[in-house]
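Read off the chains here:
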Amino acid sequence: IHFRYPWEQVKENNYINLRLETEKVGGDAGEDYPSKDGPLIKAKWSFQYRVRWWQMDRYIKVGETTIKLALSQIGSSFLSTKIGGTDAEVVKTSQADTEKELQGKFESKKDPSGNPERDVITIRDEETGENMTLEDYYGIDLVRVSLADLDYEKDYQKARNTERVASKIKKIAQDLRNDTD
């Protein structure tokens, strides 16, 4: 038996990372949500958080997997509702607004306009009985939530491109026919 330095004792997953963590929801492929008029919309979004060292006990109590799952479910639920109630063309053209609303879901406790439907989700602590923000409950600082892309599914994109090419060819043919008359 010999003396071991602290860095020799650390095993994989046997420490708490205080660095900024980034989670891509749905991986690189993203998640698919049906729009109101039918086409699937592929959403690529992510969140970044870091552990609050002064609330380490909460973070340990809940666990990293639970935190990532909960944040993913909240964002995915919001996007599903938002995209499902909107036509695909509007979803595609209003990505910046959707991103702001998604960020707002995580940022403040109450909606400034007073609309209770847009309030940020709080969690009731079993021990104290108080309602807490996600950050306080999980012992994290949610640094950023971003919506990288909202796009049509590949088959729908191909169909739209084919339709545009066909309409251009039709217009050219019509222009040629009008020039010969």
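Here the structure is shown first, and the text comes after it.
Along each chain, residues carry numbers from 1 onward, in the same order as the chain's sequence is written. Since the coordinates come from a predicted model, pLDDT governs what is reported: local features require at least 70, and pairs of side-chain atoms require 80 or more to be given and counted, while whole-chain, interface and lining totals use all residues. The basis for every side-chain value is the complete set of non-hydrogen atoms in the structure, without hydrogens or water.

1. Topic: the overall build of the protein chain
Here a strand is any run of E in DSSP of at least two residues, a helix any run of H or I of at least four, and the numbering for each starts at the N terminus. Check the secondary structure of the protein chain and you find seven helices and six strands. When the helices and strands of the protein chain are read in sequence order from the N terminus, they spell out α-β-β-β-α-α-α-α-β-β-α-β-α. Whether a residue is buried, partly exposed or exposed follows from its accessible area with a 1.4 Å probe, protein chains only, as a fraction of its type maximum: under 20%, in between, or over 50%, in that order. The proportion of buried residues among the 181 residues of the protein chain is 32%. Where accessible areas are quoted, they stem from the Shrake-Rupley method and a 1.4 Å probe; at the residue level, only the protein chains shown are allowed to cover. Of the accessible surface of the protein chain, which amounts to about 12400 Å², a share of 50% is contributed by carbon and sulfur atoms.

2. Overview of the environment of Gly38
Structurally, Gly38 can be placed in the loop between β2 (31-34) and β3 (40-51). On the accessibility criterion, Gly38 (46% relative accessible area) is partly exposed.

3. Digging into helix α3 (residues 64-84)
Each α-helix winds once per 3.6 residues, and so residues spaced three or four apart point in a common direction. Expected helix span is computed as 1.5 Å times (number of residues minus one). Taking 1.5 Å of rise per residue, the 21 residues of α3 would be expected to cover 30 Å, and the 30 Å separating its terminal C-alpha atoms lies within 8% of that figure. Turning to α3, its buried residues are Ile67, Lys68, Ala70, Leu71, Ser72, Ile74, Gly75, Ser76, Phe78, Leu79 and Ile83.

4. Describing a nonpolar patch on the surface
Taken together, the side chains of Ile16, Leu18, Trp53, Trp54 and Ile60 define a hydrophobic patch exposed on the protein surface, amounting to about 580 Å² of accessible area. Mapping Leu18 onto the fold places it in the loop between α1 (6-9) and β1 (21-25). Assessed through its relative accessible area of 44%, Leu18 is described here as partly exposed. Put simply, a patch holds well-exposed residues, over 30% relative accessible area, that have no salt bridge, with like charges counted together within 9 Å and Val, Leu, Ile, Met, Phe, Trp or Tyr side chains within 5 Å. A pair is scored as a salt bridge if a Lys or Arg side-chain nitrogen falls within 4 Å of a carboxyl oxygen belonging to Asp or Glu.

5. So, the nonpolar core
For our purposes a nonpolar core is just a set of buried Ala, Val, Leu, Ile, Met, Phe, Trp, Tyr and Cys residues, chained together by side-chain atoms within 4.5 Å. With 32 residues, the main nonpolar core has Trp45, Phe47, Leu71, Leu79, Phe106 and Tyr138 as its most contacted residues. The set of elements that each furnish at least two residues to this core consists of β3, α2 (56-62), α3, α4 (88-93), α5 (95-107), α6 (134-138) and β6 (140-152). At seven residues, the largest contribution of residues to this core is made by α3.

6. Some remarks on the packing of aromatic side chains
Remark: the centre distance and the inter-plane angle together describe each pair of aromatic rings, the angle taken between the planes. Here is the rule: rings of Phe, Tyr and Trp (six-membered ring for Trp) pair when centre to centre is within 6.5 Å. Planes less than 30 degrees apart are stacked, more than 60 are edge-to-face, and the remainder are tilted. Inspection of the entire model under this criterion finds four aromatic pairs. When the centroid spacing of 6.1 Å and the interplanar angle of 45 degrees are considered together, the rings of Trp45 and Phe47 count as tilted. Under the relative-accessibility criterion, Trp45 is labelled buried at 2%. The interplanar angle of 85 degrees and the centroid separation of 5.6 Å between the aromatic rings of Trp53 and Trp54 together place this pair among those described as edge-to-face. Its relative accessible area of 62% is what places Trp53 among the exposed residues.

7. Examining the pairing of β2
Two strands make a pair as long as DSSP finds a minimum of two bridges between them. The pairing of β2 with β3 spans four bridges and is classified as antiparallel. Paired with Pro34 across the bridge in β3 is Leu40. Counted along the chain from β2 to the antiparallel partner β3, the turn is five residues long, and its residue Gly38 has a positive phi close to 120 degrees.

8. A closer look at the side chain of Lys68
On the secondary structure map, Lys68 appears in helix α3. In protein, a polar contact requires one atom able to donate a hydrogen and another able to accept it; more generally it is a pair of N or O atoms within 3.5 Å, and residues adjacent in sequence count only if both atoms are side-chain atoms. At 3.4 Å, the side chain of Lys68 forms a polar contact with the side chain of Glu23. Any two residues whose heavy atoms approach within 4.5 Å at even a single point are treated as in contact. Residues in contact with Lys68, not counting those within four places in the same chain, are Glu21, Glu23, Phe47 and Tyr49.

9. Topic: the packing of α3 against α5
The axes are straight lines fitted to the C-alpha atoms, using for helices just the contacting stretch, and the angles between their N-to-C directions are given from 0 to 180°. Contact geometry of α3 with α5 gives a least axis separation of 10 Å together with a crossing angle of 140 degrees. As far as their axial angle goes, α5 and α3 are oblique. α5 is crossed by α3, and the crossing has right-handed handedness. Here Leu71, Ile74, Gly75, Phe78, Leu79 and Lys82 of α3 come into contact with α5, specifically with Thr98, Glu101, Leu102, Lys105 and Phe106. Following the grouping adopted for this structure description, the nonpolar residues are Ala, Val, Leu, Ile, Met, Phe, Trp, Tyr, Cys and Pro, the charged ones are Asp, Glu, Lys and Arg, and the polar ones are all others, Gly among them. In terms of residue class, the contact of α3 with α5 is made up of six nonpolar, two polar and three charged. Our angle categories are set so that under 35 degrees counts as roughly parallel, over 145 as roughly antiparallel, 65 to 115 as roughly perpendicular, and the remainder as oblique. Crossing handedness is defined as follows: a turn of the near helix away from the far one that is anticlockwise and smaller than a right angle gives a left-handed crossing, while the clockwise case is right-handed.

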